[in-house]
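# Survey of secondary and tertiary structure
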Amino acid sequence: MPYSPQFGDHFYCQTDGRLECGHVFLAGNGLPEGWKTKQNFAIGELGFGTALNFCETWRQWKELRNADSHLHFTSFELYPMDRASIDRALSHWPELDAERAVLTELWPDNPQGKVELQLDAQTTLTVVCGPALENVGCHETTFDAWFLDGFAPSRNPDMWSPELMSAVFEKTGDDGSFATYAAAGFVRRNLQAAGYVVERRPGFAGKREMLCGKKG
Ligand SMILES: C[S@@+](CC[C@H](N)C(=O)[O-])C[C@H]1O[C@@H](n2cnc3c(N)ncnc32)[C@H](O)[C@@H]1O
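These lines cover the structure that appears in this document, whether it is placed above or below. (Residues numbered from 1 in each chain as written. Predicted model: local features only at pLDDT ≥ 70, side-chain atom pairs only at ≥ 80, totals over all residues. Heavy atoms only, no water.)

### Overview of the packing of helix α2 (residues 52–64) against helix α4 (residues 97–106)
Operational definition: Lines are fitted to the C-alpha atoms to define the axes, a helix being fitted only along its stretch in contact, and any angle between axes, read from their N-to-C directions, falls within 0 to 180 degrees. The helix count covers DSSP runs of H or I at least four residues long, the strand count covers runs of E at least two residues long, and both are numbered beginning at the N terminus. Crossing handedness: left-handed means the near helix sits turned counterclockwise from the far one by under a right angle, and right-handed means the same turn made clockwise. In this analysis, two residues are considered to be in contact whenever any of their non-hydrogen atoms come within 4.5 Å of each other.
Taken N-terminus to C-terminus, the directions of α2 and α4 make an angle of 120 degrees; their axes are 9 Å apart at the nearest point. Seen along the crossing, α2 lies across α4 with a hand that is right-handed. On α4, the residues touching C55, W58, R59 and K62 of α2 are E99, V102 and L103.

### Considering α4
In plain terms, the rule: The cut-offs for exposure are 20% and 50% of the maximum accessible area for each residue type, with area from a 1.4 Å probe on protein chains only; residues under the lower value are buried, those over the upper are exposed, and the others partly exposed. Directions are taken from the helix axis to each C-beta atom, and the arc is the one they span.
Along α4, the positions that sit buried rather than exposed are E99, R100, L103 and T104. Buried residues of α4, seen end-on, are gathered within an arc of 115 degrees and therefore sit on one face of the element. Contacts from the buried residues of α4 go to α2, α3 (83–90), β5 (114–120) and β6 (123–129).

### Describing the layout of surface pockets
To keep it simple, the criterion reads: Buried and open spaces are told apart on a 1 Å grid over the protein atoms alone, a cavity being a set of points where a 1.4 Å probe fits but cannot get out and a pocket being an open set with protein on both sides within 12 Å along at least five of seven lines. Residues with an atom within 4 Å of a point are the lining residues. Grid points are joined across faces, edges and corners, and a volume is the space filled by probe spheres set on the points. Here the nonpolar group is Ala, Val, Leu, Ile, Met, Phe, Trp, Tyr, Cys and Pro; Asp, Glu, Lys and Arg are the charged ones; every other residue, Gly included, is treated as polar.
The space that makes up the largest pocket amounts to roughly 770 Å³. Forming the boundary of the largest pocket are 41 residues, of which E77, D149, G150, F151 and N156 lie nearest the centre. The set of elements that each furnish at least two residues to the lining of the largest pocket consists of β1 (3–4), β2 (9–10), α1 (17–26), α2, β4 (70–77) and α5 (132–136). If you tally residues by element for the lining of the largest pocket, the top one is α1, at four residues. Residues that form the lining of the largest pocket fall into these classes: 21 nonpolar, 13 polar and seven charged. Its boundaries defined by the atoms lining it, the second largest pocket holds a volume of some 330 Å³. Surrounding the second largest pocket, 22 residues form its lining, N29, D144, D175, S177 and K214 being those nearest its centre. Counting residues per element, the lining of the second largest pocket draws most heavily on strand β8 (residues 172–180), at five residues. Class assignment of the residues belonging to the lining of the second largest pocket gives a composition of six nonpolar, nine polar and seven charged.

### Quick look at helix α6 (residues 162–170)
Along α6, the positions that sit buried rather than exposed are L164, M165, A167, V168 and F169. Those residues of α6 that are buried are in contact with β3 (40–46), α5, β7 (143–148), β8 and α7 (185–194).

### Topic: the site of the ligand
Here is the rule: Put simply, a residue is near a molecule or strand once any heavy atom of it comes within 4 Å of that molecule or strand. Nitrogen and oxygen atoms within 3.5 Å of one another constitute a polar contact, given that in protein one can donate a hydrogen and the other can accept it, and given that sequence-neighbouring residues count only through two side-chain atoms. Residue-level accessible areas treat just the shown protein chains as cover; the underlying method is Shrake-Rupley with a 1.4 Å probe. To decide whether a molecule occupies a pocket or cavity, check its atoms: if more than half lie within 2 Å of the grid points, it is inside.
With respect to spatial proximity, 23 residues lie near the ligand, and among them G47, T50, N53, E77 and D149 are the closest. Note that a nitrogen atom of the ligand is positioned 2.7 Å from one of the backbone N or O atoms of G47. In the environment of the ligand, a nitrogen atom lies 2.7 Å from a nitrogen or oxygen atom belonging to the side chain of D149. When the ligand is considered free in solution it has 600 Å² of accessible area, and contact with the protein chains removes 96% of it. Judged by its atoms lying within 2 Å of the grid points, the ligand is housed in the largest pocket. Secondary structure elements with two or more residues in the shell around the ligand: α2 and β4. Each residue belonging to the shell around the ligand can be placed in one class, and the counts come to 13 nonpolar, seven polar and three charged.

### Examining the pattern of salt bridges
Note the threshold: Any Lys or Arg side-chain nitrogen found within 4 Å of a carboxyl oxygen on Asp or Glu counts as a salt bridge.
Applying the stated criterion to the full structure yields 14 salt bridges. Residues D109 and R83 are paired through a salt bridge, measuring 2.9 Å at the closest nitrogen-oxygen approach. Here D109, found in the loop between α4 and β5, pairs with R83, found in helix α3; they are 26 residues apart in sequence, far enough to count as distant. According to the relative accessible area criterion, D109 is exposed, its value standing at 68%. Residues E140 and K114 are paired through a salt bridge, measuring 3.1 Å at the closest nitrogen-oxygen approach. Highlighted residues: E140 in the loop between α5 and β7 and K114 in strand β5, separated in sequence by 26 residues.

Listed below in structure tokens is the structure:
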């Protein structure tokens with residue numbers, strides 16, 4: 001179970017991070033159903049970490065996508081992990097063996113700047129390395145869905161600040177949405193102040209609440 005001593009937190013829940021991704025980030029954004037409504041779908045993520053969310057999303061996307069549709073997954077990450085660490089973390093899930101093999105084959109030795117990877121004909125991954133606040137605001141496109149996956153708000157407040165939540169809102173398409181495992185009051189208020197209509201839902205694996213919401 002990958003753990004960050006710097007932030008004093010795990011990279012995902014200790015029950016099953018892959019299933020948590022489906023419950024929180026995909027279902028919280030109305031996915032995979034929402035993929036049927038758009039030919040080109042863009043997901044933004046705060047915190048690429050071990051690539052677990054990306055690989056689980058890509059796995060489901062491959063099963064359910066329409067011919068000619070395209071997914072662009074863009075993640076903002078301050079401390080990109082090296083290939084061996086990503087490989088080690090993802091090897092916990094045999095369900096993701098195929099995705100892990102392709103990703104670690106293409107992952108650069110020294111990830112920095114913008115890492116752009118064409119994973120298959122219908123899937124592009126961009127990892128923007130650096131502080132999210134610096135990079136989200138100047139990103140050139142908007143996103144249909146956001147996965148807000150910083151470390152725990154109490155330990156990683158930069159990833160949940162009013163400034164960053166506003167930048168995320170600005171980079172959300174008109175029908176766009178967000179989802180997060182976090183339920184802290186200050187996170188909810190920052191998302192509401194940014195402009196989102198915020199909904200509280202039951203969290204994953206007995207967690208009382210998670211948050212999701214829409215732009216309008
Ligand atoms: C909970 S982990 C993300 C887990 C990831 N989504 C996965 O699937 O493994 C949080 C991530 O946020 C990153 N992070 C923390 N502060 C950041 C910041 N200010 N800007 C960008 N990334 C940051 C950490 O390095 C860490 O990888």
